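# Structural overview
Each chain, written out:
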Amino acid sequence: MKRKEARAEAMNLVFESAFREWEAPADIYRKAVCDRGFEEDDYIKDVFFGVCEHLELIDGKISAYSRGWSTGRISKVALAVMRVAVYEILFREDVPDRVAINEAIELIKTYDDEEQVRKFVNGVLNSVIKEKTEE
């Protein structure tokens, strides 16, 4: 599976988990593999379970740069995309920061093609990178 496809699948899992908070991430993952039949992939597992494990930290970063928007007010699609990108920026050394942003914008174009949403996501992710660089 290509990285772009794996990233989209990881984002879909993160999106689903936002609606199934009571369900264990492992159960969500297993059900998705069975229902959608995608091939098991280490990247998908790492990103999905990593986002779940570090959700509080990731959402804190998103909230800090959302300028008055709580994670509850952000569309579930944009939030899932940003969660995956922030995880990649903070925890995946094999994904350059610019690639994380570019891929996030491509996912937004696919699932929520509003220019304002793209600008919002881009701004939040650039702020996360700036903070990371300053540390």
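Residues numbered from 1 in each chain as written. Predicted model: local features only at pLDDT ≥ 70, side-chain atom pairs only at ≥ 80, totals over all residues. Heavy atoms only, no water.

The next point concerns helix 3 (residues 42-53). With 12 residues, helix 3 should reach 16 Å at 1.5 Å per residue; the first-to-last C-alpha distance of 16 Å fits that figure. Taken together, the buried positions of helix 3 are occupied by Tyr43, Ile44, Val47, Phe48, Gly50 and Val51. An end-on view of helix 3 places all buried positions within 165° of arc, on one side of the element. Turned more than 90 degrees off the buried face of helix 3, the exposed positions are Asp42 and Glu53. Buried residues in helix 3 make contact with helix 1 (3-19), helix 2 (25-36), helix 4 (55-64) and helix 5 (76-91). The N-capping residue of helix 3, defined by a side-chain oxygen 2.9 Å from the backbone nitrogen of Tyr43, is Asp41. (Helix = DSSP H or I, 4+ residues; strand = E, 2+ residues; numbered from the N terminus. Expected span 1.5 Å × (residues − 1). Buried < 20%, exposed > 50% of the residue type's maximum accessible area, 1.4 Å probe, protein only. Arc of directions from axis to C-beta. Contact = heavy atoms within 4.5 Å. Polar contact = N/O pair within 3.5 Å; in protein donor to acceptor, adjacent residues only side chain to side chain.)

On to the packing of aromatic side chains, then. Scanning the model with the defined rule gives 4 aromatic pairs in all. Note on Tyr29 and Phe49: the rings are 5.6 Å apart at their centroids and 50° apart in plane angle, and the pair reads as tilted. Here Phe49 lies in helix 3 and Tyr29 lies in helix 2, a separation of 20 residues in the sequence. A relative accessible area of 29% means that Phe49 is categorised as partly exposed. Here Tyr87 and Phe91 contribute two aromatic rings whose centre-to-centre distance is 5.1 Å and whose plane-to-plane angle is 25°, an arrangement assigned as stacked. (Phe/Tyr/Trp six-rings, centres within 6.5 Å; stacked < 30°, edge-to-face > 60°.)

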